[in-house]
Amino acid sequence: MIKVTLRGPNGTFEQEVPENSNLVVLAGLKKFPGLRYSCGMGRCGKCASRVVRGAEHLPPPDWKEERVLGEDKLQEGYRLMCQLYLTHDLEIAQDKVPIVPAYRRVRQKV
Ligand code: FES
């Protein structure tokens, strides 16, 4: 089993989940409370979470994460929980307000 800690706007949740679990799938089945998500497909960014511990065990971001999170959020340690299947313990934090997907952010001229 894998221990997952979620620090979110509604409190801290700690739970053990089976190996290769996807937290958004578990949340959809009401088996992982407290996680914010929506599309489950790497489009909306609602499941974006900053990885506090365990990032070294995650695979590199896929193209959906790059498109939604953008270079800045990836550098800050954010990942899309709907795109990850967990193999090691993980601690994540969700902000009070969901991120705006990078592809929707207004580009500002410098
Ligand atoms: S739930 Fe929409 S991007 Fe993860």
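To keep things clear, this report deals only with the structure shown in the data block. (Residues numbered from 1 in each chain as written. Predicted model: local features only at pLDDT ≥ 70, side-chain atom pairs only at ≥ 80, totals over all residues.)

Right, let's talk about the nonpolar core for a bit. Among the nonpolar cores identified, the biggest contains 21 residues, and Leu23, Val24, Leu35, Tyr37, Cys47, Leu80 and Met81 are the most heavily contacted of them. Elements supplying a minimum of two residues to this core: β1 (2-8), α1 (23-28), α2 (63-75), β4 (78-80) and β5 (90-93). Considering each element in turn, this core owes the most residues, three residues, to α1. Sequence-distant contacts of Tyr37, defined by excluding residues within four places in its chain, comprise Val24, Ala27, Lys46, Cys47, Met81 and Cys82. (Core = buried A, V, L, I, M, F, W, Y, C linked by C-beta atoms within 7 Å. Buried ≥ 20, exposed ≤ 12 C-beta atoms within 10 Å, placed from the backbone. Helix = DSSP H or I, 4+ residues; strand = E, 2+ residues; numbered from the N terminus. Contact = placed C-beta atoms within 7 Å.)

Let's shift gears to the environment of Tyr78. With respect to the element layout, Tyr78 can be found in strand β4. Note on Tyr78: 23 C-beta atoms within 10 Å, which makes it buried. When the C-alpha atoms of Tyr78 and Ala93 are compared, they prove to be 9.0 Å apart, with 15 residues separating the residues in sequence. In this structure Tyr78 touches Ala48, Ser49, Arg50, Leu69, Lys73 and Ile99, once residues within four positions along its chain are discounted.

Our next topic: unusual backbone geometry. Although it is not a glycine, Asn20 adopts a positive phi angle of roughly 65°. Structurally, Asn20 can be placed in the loop between β2 (11-17) and α1. Of note in the backbone geometry, Lys30 takes a positive phi value of approximately 65° without being a glycine. Looking at the secondary structure, you find Lys30 in the loop between α1 and β3 (48-53).

What follows covers the sheet that holds β5. Taken in spatial order, the five strands of this open sheet run β2-β1-β5-β3-β4, and their pairing is mixed. Both outer strands of the open sheet, β2 and β4, are each paired with one neighbouring strand and no more. Ignoring which end each strand starts from, the neighbouring axes of this sheet average 35° apart. Here β1 runs beside β2; their pairing, made up of seven bridges, is antiparallel. Across the sheet, Ile2 pairs through a bridge with Val17, a residue of β2. Lying over the sheet, α2 contacts β3 and β4, oriented at roughly 170° with respect to β4. (Pairing = 2+ DSSP bridges. Axes fitted to C-alpha atoms, helices over the stretch in contact; angles between N-to-C directions.)

This brings us to the pairing of β3. In this sheet, β4 lies alongside β3 in antiparallel orientation, the contact comprising three bridges. Each residue of the ladder has a partner; that of Arg50, found in β4, is Tyr78. Pairing between β3 and β5: three bridges, direction antiparallel. Residue pairing across strands places Arg50 opposite Ala93, the latter belonging to β5.

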